Amino acid sequence: MKFKVYTIFPELFPGFLGYSLTGKALAEGIWSFEAVNIRDYALDRHASVDDTPCGGGAGMVMRADVLGRALAANHKGGALLAMSPKGRPLTQQKVHELSKEDEIGVVCGRFEGIDERVLEAYDIEEISIGDYVLTGGEQAAQVMFDAIIRLLPGVLGNALSAESESFENGLLEYPQYTRPVEWQGRRVPEVLLGGHHRKIADWRKEQALRITAERRPDLLKKYLDSKRV
Ligand code: JF5
């Protein structure tokens, strides 16, 4: 997997992806990245990458001509995304789809966003990592890359642990415990200490349903609809 990142802050990469599991996978060549500095494609004396919004309003917009030149020189086809709060929500299903690509291009928006004509001309799919606003797409891109990288073959030691976690079965994860069996007067639930696998599986399912109902009624509805209950 190769990520080609379009950014005005190329030094932010690999960032936190250079550590831990993702850092090891980077060193092993399981994934790689290239950070294209959008500012390298600015032509004026001040190397401007942004300008005021047409029609007025607050802030600045990423210029179509500068980003357009960066893409013309570096994008050789394949998936092209941009991180943006107005994008389609990133889901674990989308992460699985993206993990099957050989190369993914990602534009990291800054300011109030990207000139819409570039998004149209390059058929860029805008992706959101959540309903909040960041200062830049770089942080969002690293979150998305992390979710993709951990699904690549050879990254997660235990493939089963990826399958049983939140979202993979459509429910939130059940609570986890480890030693000591008693801590500050709180005991690990007895069912988890009995070694009765069926009872444990039933308890975990019940807990997953309870937590999902409490925190994510939207997910519970989807889950129940998919089971036609
Ligand atoms: C960005 C305009 C891009 O804030 C984000 C973001 C939030 N969820 N997903 C992505 O990206 C940076 C901000 C404003 C364009």
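Just so it is clear, the structure is predicted and the values come from calculations on it, not from any experiment. Going along each chain's sequence as written, the residues are numbered from 1 onward. Given that this is a predicted model, residues contribute local features only at a pLDDT of at least 70 and side-chain atom pairs are listed and counted only at 80 or more, while totals for whole chains, interfaces and linings are drawn from all residues. Here the side-chain values reflect all heavy atoms present in the structure, with hydrogen atoms and water set aside.

### Side note on the environment of Val5
Here's step 1: By the criteria applied, helices consist of DSSP H or I runs no shorter than four residues and strands consist of E runs no shorter than two, each listed in order from the N terminus. Looking at where Val5 falls in the secondary structure, it is placed in strand β1 (residues 2-7).
Here's step 2: Categorising residues by exposure relies on relative accessible area from a 1.4 Å probe, with only protein chains included: less than 20% of the type maximum marks a residue as buried, more than 50% marks it as exposed, and the intermediate range marks it as partly exposed. Residue class for Val5 comes out buried when judged on its relative accessible area of 0%.
Here's step 3: Between the alpha carbons of Val5 and Ile104 there is a distance of 8.4 Å; along the sequence they are 99 residues apart.
Here's step 4: Contact criterion: two residues are considered in contact whenever any of their non-hydrogen atoms come within 4.5 Å of each other. If we ignore the near neighbours within four places in the chain, the residues touching Val5 are Phe13, Glu34, Ala35, Val36, Val106, Cys108 and Phe145.

### Regarding the site of the ligand
Here's step 1: We call a residue near a molecule or strand as soon as one heavy atom of that residue lies within 4 Å of the molecule or strand. Near the ligand lie 16 residues; those nearest to it are Ile129, Gly130, Tyr132, Leu134 and Gly136.
Here's step 2: Residues adjacent in sequence count toward polar contacts only when both atoms are side-chain atoms; beyond that, a polar contact is any pair of N or O atoms within 3.5 Å, and within protein one must be able to donate a hydrogen and the other to accept it. At 2.9 Å from a nitrogen atom of the ligand is found a main-chain nitrogen or oxygen belonging to Ile129.
Here's step 3: Contact between the ligand and Leu134: an oxygen atom at 2.8 Å from a main-chain N or O atom of the residue.
Here's step 4: Coverage of the ligand by the protein chains reaches 95% of its 370 Å² of free accessible surface.
Here's step 5: When residues of the shell around the ligand are traced back to their parent elements, those giving at least two are β5 (79-89) and α5 (137-149).
Here's step 6: Counting residues per element, the shell around the ligand draws most heavily on β5, which supplies three residues.
Here's step 7: When the residues that make up the shell around the ligand are grouped by side-chain class, the tally is eight nonpolar, seven polar and one charged. Computed with a 1.4 Å probe, the accessible areas rest on the Shrake-Rupley method; for each residue, only the protein chains presented here act as cover. By the convention adopted, Pro, Cys, Tyr, Trp, Phe, Met, Ile, Leu, Val and Ala count as nonpolar, Lys, Arg, Asp and Glu as charged, and the other residues, Gly among them, as polar.

### Some words on the domain arrangement of the protein chain
Here's step 1: Here the bounds of each domain stem from an automatic or database domain assignment. The assigned domain composition of the protein chain is domain 1 (2-149) and domain 2 (164-228).
Here's step 2: A separation of 36 Å is found between the C-alpha centroids of domain 1 and domain 2.

### Observations regarding a nonpolar patch on the surface
Here's step 1: Taken together, the side chains of Phe16, Tyr19 and Val143 define a hydrophobic patch exposed on the protein surface, amounting to about 320 Å² of accessible area.
Here's step 2: Its relative accessible area of 42% is what places Phe16 among the partly exposed residues. Think of a patch as exposed residues, more than 30% relative accessible area, with no salt bridge, where like charges cluster within 9 Å and nonpolar side chains (Val, Leu, Ile, Met, Phe, Trp, Tyr) cluster within 5 Å. Here a salt bridge means any side-chain nitrogen of Lys or Arg lying within 4 Å of a carboxyl oxygen belonging to Asp or Glu.

### Observations regarding the packing of helix α7 (residues 197-215) against helix α8 (residues 217-226)
Here's step 1: Note on method: axes are straight lines fitted to C-alpha atoms, helices fitted across the in-contact stretch only, with angles between N-to-C directions ranging 0 to 180 degrees. At a closest axis distance of 6 Å, the pairing of α7 and α8 adopts a crossing angle of 125°. When the axes of α7 and α8 are compared, the pair comes out oblique. Each of Lys205, Leu209, Thr212, Ala213, Glu214 and Arg215 in α7 lies in contact with α8, whose residues at this interface are Pro217, Leu219, Leu220 and Tyr223.
Here's step 2: Looking at the contact of α7 with α8 residue by residue, the classes come out as six nonpolar, one polar and three charged. When an angle is under 35 degrees it counts as roughly parallel; over 145 it counts as roughly antiparallel; between 65 and 115 it counts as roughly perpendicular; any other value is oblique.

### Remarks on the sheet that holds strand β6 (residues 103-108)
Here's step 1: In space, the five strands of this open sheet follow the order β2-β1-β6-β5-β7, with parallel pairing throughout. With one partner strand each, in any of the chains shown, β2 (32-37) and β7 (125-128) form the two edges of the open sheet. The sheet shows a mean angle of 30° between the axes of neighbouring strands, direction not considered.
Here's step 2: Only when DSSP finds a minimum of two bridges between them are two strands counted as paired. Summarising the sheet, β1 and β2 pair through six bridges and their orientation is parallel. Directly across from Tyr6, in β2, lies its bridge partner Val36.
Here's step 3: On top of the sheet, helix α2 (residues 64-74) reaches β1, β2, β5 and β6; it is set at about 155° to β1, its chief contact.
Here's step 4: Strands β1, β5, β6 and β7 of the sheet are contacted by α5, whose axis makes an angle of about 155° with β6.

### Considerations on helix α1 (residues 20-27)
Here's step 1: Listed as buried for α1 are Thr22, Gly23 and Ala25. Down the axis of α1, the smallest arc covering the buried residues is 160°, so these residues share one side. α1 presents Ser20, Lys24 and Ala27 as exposed residues on the side facing more than 90 degrees away from its buried surface.
Here's step 2: At the exit of α1 stands Gly29, carrying a positive phi of roughly 80°. This arc is taken over the directions from the axis of the helix to the C-beta atoms.

### With respect to the pairing of β6
Here's step 1: Burial runs high along β6: five of the six residues are buried.
Here's step 2: The sheet contact formed by β1 and β6 spans five bridges and is parallel. Bridge assignment links Phe3 to a residue of β6, and that residue is Ile104.
Here's step 3: Where β5 lies against β6, five bridges are found, and the strand directions are parallel. When the bridges of β6 are listed, Leu81 appears paired with Val106.
Here's step 4: Orient the strands so they point away from the viewer; a crossover is then right-handed if the path from the first strand over the helix to the second runs clockwise. Regarding the hand of the β-α-β motif, the stretch spanning β5, helix α3 (residues 92-98) and β6 is right-handed.

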